[in-house]
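Structural characterization, general
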Amino acid sequence: QVQLVESGGGLVQPGGSLRLSCVASGSIFIIYDMGWYRQAPGEQRELVAVITSGGSTNYGDSVKGRFTISRDNAKKTVYLQMNSLKPEDTAVYYCNAEVRRLGGDRNYYWGQGTQVTVSS
């Protein structure tokens, strides 16, 4: 199996920063795209940022210029640096990865989510 474990969420004041991490483990052969999504109460899950294995990135419009996604392929880890946080960034943040497992099948996997709350 494949597991994704997020960390780094918490409570921060508006204008503050947080850094999320997500580590992949298990029977992994290749990790393709890795990304972050978020879901606020009563809202649909939305794309925050995605990064390919080669380092190309794409961001949701609401976070462009404030958030930065990066990854360390050797550590099977993706990061999300969040700056200039706003109350509307409050949500559960989920890690996502497209993985080809040892043995051949290719699927998308999700982490359990980490809460980010932006409030004074």
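Below: a short report on this structure. (Residues numbered from 1 in each chain as written. Predicted model: local features only at pLDDT ≥ 70, side-chain atom pairs only at ≥ 80, totals over all residues. Heavy atoms only, no water.)

**Some words on the side chain of Thr114**
To be explicit about the condition: Strands are runs of DSSP state E lasting at least two residues, helices are runs of H or I lasting at least four, and both sets are numbered from the N terminus onward. The rule is simple: take the accessible area with a 1.4 Å probe, protein chains only, and divide by the maximum for that residue type; under 20% is buried, over 50% is exposed, in between is partly exposed. For this analysis, a polar contact is any N or O atom pair within 3.5 Å, provided that within protein one partner can donate a hydrogen and the other can accept it, and provided that sequence-adjacent residues contribute only side-chain to side-chain pairs.
As for its position among the elements, Thr114 is in strand β11 (residues 114-118). Accessibility expressed as a relative area gives 11% for Thr114, which makes it buried. From its side chain, Thr114 meets the backbone nitrogen of Gly9 in a polar contact 3.3 Å long.

**Structural notes on the state of the cysteines**
Note the cut-off: Put simply, a disulfide is two cysteine sulfurs that come within 2.5 Å.
Inspection of the entire model under this criterion finds 1 disulfide. The disulfide partner of Cys22 is Cys95, and the S-S distance across this bridge is 2.1 Å. Around the S-S axis, the bridge from Cys22 to Cys95 shows a dihedral of about -80 degrees and counts as left-handed. With Cys22 in strand β3 (residues 18-26) and Cys95 in strand β9 (residues 91-101), this residue pair connects regions lying 73 residues apart in the sequence. Cys22 sits in the buried class, given a relative accessible area of 0%.

**What about the pattern of salt bridges?**
The cut-off we apply is this: By definition, a salt bridge exists where a carboxyl oxygen of Asp or Glu is found within 4 Å of a side-chain nitrogen of Lys or Arg.
Within this structure, the stated rule accounts for 6 salt bridges. For Arg38, the salt bridge identified is with Asp89, shortest N-O distance 2.9 Å. Of this pair, Arg38 sits in strand β4 (residues 28-39) while Asp89 is found in the loop between β8 (77-82) and β9, placing the two residues 51 residues apart along the sequence. Lys64 serves as the salt-bridge partner of Asp61, at 3.1 Å between the closest nitrogen and oxygen. In this structure Asp61 comes out as exposed when scored by relative accessible area, which is 67%. You can call Lys64 partly exposed: its relative accessible area is 49%. Each of Arg38, Glu46, Arg66 and Asp89 takes part in salt bridges that share partners, so that together they form one network.

**A few points about the pairing of β3**
Worth spelling out the cut-off: The criterion for strand pairing is that DSSP finds at least two bridges linking the strands in question.
Here strand β1 (residues 2-7) pairs with β3 via 6 bridges, running antiparallel. The residue of β3 that forms the bridge with Gln3 is Ser25. When β3 meets β8, the two strands line up antiparallel, connected through 6 bridges. Across the sheet, the residue bridging to Val23 is Thr77, located in β8.

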